[in-house]
Amino acid sequence: MPQIGGEDGKGWWGACDPADPLNQRTRSSILIEGGKGGRLLVDTGPDLRTQFLACGVAGVDAVLYTHDHADHIMGLDEIRLMNRIIGRPMEAFGTERTLSVLKQRFDYAFLPETGPVFYRPAVLPIRVRAGETVAMTGHQVQVFSQDHAVMETLGLRIGGFAYSTDMVRLPEQSLAALHGLDTWVVGCFQRRPHKVHANLEQVLDWVALLRPRRTILTHMSPDLDHGWMKTHLPQGVEPAHDGMVLTVT
């Protein structure tokens, strides 16, 4: 946010107030750290470099890809600097389809490594399937299926935390995996229905069913103004903002 364009060329804000800095939103991604595990990045969107610099991220140990849409993968080239920091190829977890698309678009990242300097990104692909619990840089990550209408995406759960983005429906087995949450970060695209993304009414219905202690809305379109949401969302539900830090017990 904002979208490029607008009458003055300074961006299109939709229903969002351009004077509110919390409406300045980059593409959705999260970084998980803590406990005995390393840093697990979820998706490498086009804004990855900007996000890392803004949040003071020194490096990551592995990446989990939710799916292969451009807004979730096109920052993969930034992995090259992460390779230099950790001194090895980056473990990249994803479904067979996602890893296949990544290899088509970034074939050079899958070639034999060029360390220790790493003149190009180097990833080590690790296939995962929905329903599995997989060790990722020391975290036990349960991945589950989500229906994005045009493809399957992966959600994830670690202990009492879960992350779900880019879906319009959740299968029954995935809803079952989301009970008993402390914190749920969930994609909520807009107020009216959408073909491939969950809208606000759907998300609030899921929240009423699952009853997490705290729900954070992410992957929001220009239809969702931060101030409007703070006023109109029910207790326990709030909008995300860039640089947000969540602590989960």
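Rules used in this analysis
- Residues numbered from 1 in each chain as written.
- Predicted model: local features only at pLDDT ≥ 70, side-chain atom pairs only at ≥ 80, totals over all residues.
- Heavy atoms only, no water.
- Disulfide = S-S within 2.5 Å.
- Phe/Tyr/Trp six-rings, centres within 6.5 Å; stacked < 30°, edge-to-face > 60°.
- Lys NZ or Arg CZ within 6 Å of the ring centre and 35° of its normal.
- Pairing = 2+ DSSP bridges.
- Helix = DSSP H or I, 4+ residues; strand = E, 2+ residues; numbered from the N terminus.
- Axes fitted to C-alpha atoms, helices over the stretch in contact; angles between N-to-C directions.
- Contact = heavy atoms within 4.5 Å.
- Buried < 20%, exposed > 50% of the residue type's maximum accessible area, 1.4 Å probe, protein only.
- Arc of directions from axis to C-beta.
- UniProt positions renumbered as here; feature names shortened; annotations may be inferred.
- Polar contact = N/O pair within 3.5 Å; in protein donor to acceptor, adjacent residues only side chain to side chain.

Going by an unreviewed UniProt entry, the protein chain carries the name MBL fold metallo-hydrolase and comes from Roseomonas alba.

Undergrad: Honestly, the state of the cysteines in this entry has me stumped. Any pointers?
TA: Applying the stated rule across the entire model yields zero disulfides. In this structure Cys-16 is a free cysteine whose sulfur lies 12 Å from that of Cys-188, the closest cysteine sulfur available.

Undergrad: Hey, could you run me through the packing of aromatic side chains in this one?
TA: The geometry of an aromatic ring pair is captured by two quantities: the separation of the ring centres and the angle between the planes. Here the structure, examined in full by the defined rule, presents two aromatic pairs. Considering the side-chain rings of Phe-106 and Tyr-108, the 6.3 Å spacing of their centres and the 75° angle between planes classify their relative orientation as edge-to-face. The side chain of Arg-191 reaches across the aromatic face of Trp-228, ending 4.7 Å from its centre.

Undergrad: Sorry if this is basic, but what is going on with the sheet that holds strand S11 (residues 214–218) here?
TA: Picture the strands of a sheet paired through backbone hydrogen bonds; they go either parallel or antiparallel. Overall, mixed pairing links the seven strands, which are arranged S6-S7-S8-S9-S10-S11-S12 in an open sheet. For this open sheet the edge positions go to strand S6 (133–136) and strand S12 (237–239), each flanked by a neighbour on one side alone. Ignoring strand direction, the axes of neighbouring strands in this sheet form an average angle of 25°. The pairing of strand S10 (residues 183–187) with S11 spans five bridges and is classified as parallel. Its bridge partner lying in S11, Trp-184 is registered against Thr-215. Helix H6 (residues 200–210) contacts S10, S11 and S12 of the sheet and is inclined by roughly 160° relative to S10.

Undergrad: What is the right way to look at helix H3 (residues 79–86) in this model?
TA: Each full turn of the α-helix corresponds to 3.6 residues, which orients residues three or four apart in the same direction. Those residues of H3 that sit buried are Ile-79, Met-82 and Asn-83. An end-on view of H3 places all buried positions within 105° of arc, on one side of the element. Elements in contact with the buried residues of H3: helix H1 (48–55), strand S3 (62–64), strand S4 (90–94) and strand S5 (123–127). Once H3 finishes, Gly-87 follows within two positions and takes phi at roughly 75°, a positive value.

Undergrad: Sorry, what's going on with unusual backbone geometry here?
TA: Trans is the prevailing form of peptide bonds, just as negative phi is the prevailing case for residues other than glycine. You will see that Asp-166, though not glycine, has its phi angle at about 60°, which is positive. Checked against the element boundaries, Asp-166 lands in the loop between strand S9 (161–164) and helix H5 (172–176). In the Ramachandran plot, His-219 falls in the positive-phi region, its phi being about 50° despite a non-glycine side chain. Take His-219: it is sitting in the loop between S11 and helix H7 (226–232).

Undergrad: I tried to follow the UniProt feature "domain: Metallo-beta-lactamase" (unreviewed entry) in the protein chain on my own but got confused; where do I start?
TA: The feature "domain: Metallo-beta-lactamase" (unreviewed entry), as annotated in UniProt, sits at residues 26–200 in this numbering. In this annotation, residues 26–200 is assigned 21% helix and 30% strand; the end-to-end C-alpha distance for the span is 20 Å.

Undergrad: Mind showing me how you'd approach the environment of Arg-88 here?
TA: Considering the arrangement of structural elements, one finds Arg-88 in the loop between H3 and S4. A distance of 3.1 Å separates a polar atom in the side chain of Arg-88 from the backbone oxygen of Asp-61.

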